[in-house]
Every structure is written in C-alpha cells, then in structure tokens.
Amino acid sequence: MDVALTISRNHQCRIRTTTSDIYYPIRSFPYVFFLLGTRFMALVVDSGIWPESESFSDKGMPQVPKKWKGKCENGTQFGSSNCNKKLIGARSFSKALKAAGLKIPPPEEDYDSARDFKGHDTHTASTATGNHVAGANCFGQARGIARGVAPQAHIAMYKGLFKADMNNLAGTPDVLAAIDQAIADGVDILSMSLGFGQMHYYEDVIAIGALSAVEQGIFVSCSAGNDGEYGYGTVKNAAEWITTVGASTIDRTFTSTLKLESGFVVEAQSYYLQNVRITNTSLYHGKGHSNKSICAPGALDSSKIAGKVVVCDQTDLVPSTDQWIEVSSNAYTPNKPYKQFGSYDFVTDYALDSGTSMAAPYVAGIGALIKKVHPE
C-alpha cells in the first residue's frame, strides 16, 4: 500500500542558463585523466536529451556495469534503440504535469518522452560526459574536438521538465520522482542544472532528493542560479550536502565582420563566423544612450531589438562564461533554431552556452573522475 510521508506545495522550476560566447579550457588535468570515469553513471535531471548527437556515441565505450538497473523508456520519437553503451538509460516524468490538467505540446515544441525540446540538457549532458567529436564548431567559431569532462563515463537521462512547466507549477513532484528513480537505478553522480525559488529545505524537492542521494554515496552537483547581479540571497541549491556551482569569467572573445550594403565594415564580437547574406533585416544601435550603446545588461528593450542585427560599442567589460572545457561548444538540438534574425533561422549541432547550468556538469564530470580513482 502506498503511504504519503508528507504533502508540500508545488513550486515553479527554472533552468539555469544564460548565453555566452566562451568556454574556458581545462589545463589542470593531464590528458590521461580524461580516460577515467569508466563505469560511473552521470545523471542529469532536466529537459531531456538528443540521443542522435555524436557526443553520445558509444564508440570506445566499455560495457554497461552489471549493477545498472535503469532502462530506456519508449515515448514520443524515443525508444530503446536510441540507447547504447554511452546513453544507458532515459526516462521521463510527467504525471504531476498531466494531473494538473496541463498538456505536453506537440513534437514541434516538446516531446512526451526523454527527448530534449530546447537543447539545454543535451548541452549539459555532453558537458559532463560527452564522447570525443572531431571538428565540432558553432558556425565556424571555436572549431576543435568537443568532449565532456569524463568522456568514458556512461550517462542516463531523467527528464523532469517539459515546456508546459516553464510557465506553470507542475514540475515539483516530477523532478523529485526523477531523482528517486535515478537513485533506485544505481547512478553514481547526480547533476542538476535547474532550481526553485528560496524556500525551507523541507519544501525544496532538490534538497530533499539530493539528501537521499548523498546518503547512498552519490555525488550531487547543482547550479547556483544566475541572479548574482541582484545581490544577497540569490544563490539557489545551497543545502550543505549539495556541491553548489557558480560561473566564472574570462577575457576570450569571438569576432566576426559585419559588412553593410553601403560598404561600411564593423569588426565585432559574434557567434557567427561564416559568410552569409541577410536582407530585409534592420540594424539597431543605441546611439545617444550610454547604456544602450554598449548593450549593458537590462538596458535593451527586447521588443525593439527582436529580429534585428544589434551593434554594441566596444567596452572594457569582461564577458561572462560558465563552463571550463578544452574546446568551446557542446551538443545541441538540431531541430530548433539556435539563433533567429528576422525570418532567418540558424541551426547547429554544437552551440555556445553559458550560465551556472553549464558549470554544474563540469563539476559533476570531475566528480566522476575522482570517484573512479577514489570509489570510497
């Protein structure tokens, strides 16, 4: 007979991502260390995974550990054939969402399965344990070998967030159910790049689930949130038993050339390096306004710049980053535009992202390496 141990209020959950043009190279570990992580499962509880990405190829992967109890569940555009010796498990949790009367959108928006609907968790998963992918790049930028921190580690995906959850309050029980199932399946590492608002630990499902995981010897890494600019009390997932991960900054930039029809040329920071001709798209520059002209945080009105090419004056500001990895980009969902300019959609298999969402799986990957050397 099922017994309810406690009843708590549902809360809204947010993923922890901003956008950046930088990754910081790992220099502190000898290369041989990247070959470790074998037989340890890294877990991500979030928005799903894109299993066809080369980052989740099982080339060179060891056999699945005998202790593993997880499985790949069938669902919308996802089945057991999508799993392999790299992606060894994939489940989705949406009972609370559906019980609240919410519907999972159709496949062009989301999937009633473990498949990723926005690229966020495909990126975080490949950050922690992505396999080696030669020639990865984001529109020509940061070309190189993409890999996770522990590329020999297995990974299992537990999807607890759906697009409907981003604007509603149905995610709390599903996230906790995902954590509980992961513990039962036998994961060794738990990485979560999401969070709820400030609340007591006995109400916070991430704190509750993480405590159960730690009691089973599972290492837990969580994102700290991206609200630090607002001051005191903005850190999320700060329970003592969680490794709470913030983001960092560096001075690396990516530059491209913008040439107007008049012949005027602008050298500026940009994600996009390849040649492309864009027509019928407006140019925006906050001339005459000190904050808008440098694109200061919060200065631009999204309704006025949407679909336009935005030019920002050069400043001494250091751009923010999140993830430390040898090359810049990690896996992304190719079915959704990474960037949109007017009527133009730009898609990519590998993307540049930042925020504490991308920092947490870096630490989770290190946790897998340490557990391999020191399983105690």
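Look up a bit, the structure's there.
The shown structure was predicted, so the numbers you read here are calculated from the model rather than taken from an experiment.

**Brief notes about the packing of helix H2 (residues 120-129) against helix H7 (residues 356-373)**
- Interaxial distance between H2 and H7 falls to 7 Å at its minimum, and their mutual angle equals 30°. Overall, the two elements H2 and H7 adopt an arrangement that is roughly parallel. Once H2 is placed against H7, the crossing between them reads as right-handed. The residues of H7 that touch H2, namely those facing His 120, His 123, Thr 124, Thr 127 and Ala 128, are Ser 357, Met 358, Pro 361, Tyr 362 and Gly 365.
- Its residues assigned to classes, the contact of H2 with H7 shows four nonpolar, six polar and no charged.

**Concerning the state of the cysteines**
- Applying the stated criterion across every chain, the model contains two disulfides.
- Two residues, Cys 72 and Cys 83, share a disulfide whose sulfurs are 1.4 Å apart. Handedness here is read from the sign of the S-S torsion; for Cys 72 and Cys 83, about -70°, the answer is left-handed. Highlighted residues: Cys 72 in the loop between strand S2 (41-46) and strand S3 (87-92) and Cys 83 in the loop between S2 and S3, separated in sequence by 11 residues. You'll find Cys 72 and Cys 83 in the same group, each marked buried.
- A sulfur-sulfur distance of 1.8 Å marks the disulfide that ties Cys 295 to Cys 312. Between Cys 295 and Cys 312, the S-S torsion sits near -90°, and that sign places the bridge as left-handed. Here the residue Cys 295 occupies a position in the loop between helix H5 (290-293) and helix H6 (302-305), and Cys 312 occupies one in the loop between strand S15 (309-310) and strand S16 (320-321), the gap between them amounting to 17 residues.
- Residue Cys 312 is classed as partly exposed on the basis of its relative accessible area of 37%.

Cut-off values and rules
- Residues numbered from 1 in each chain as written.
- Predicted model: local features only at pLDDT ≥ 70, side-chain atom pairs only at ≥ 80, totals over all residues.
- Heavy atoms only, no water.
- Axes fitted to C-alpha atoms, helices over the stretch in contact; angles between N-to-C directions.
- Helix = DSSP H or I, 4+ residues; strand = E, 2+ residues; numbered from the N terminus.
- Parallel < 35°, antiparallel > 145°, perpendicular 65-115°, else oblique.
- Left-handed = near helix turned anticlockwise from the far one by under 90°.
- Contact = heavy atoms within 4.5 Å.
- Nonpolar A, V, L, I, M, F, W, Y, C, P; charged D, E, K, R; others polar.
- Disulfide = S-S within 2.5 Å.
- Buried < 20%, exposed > 50% of the residue type's maximum accessible area, 1.4 Å probe, protein only.

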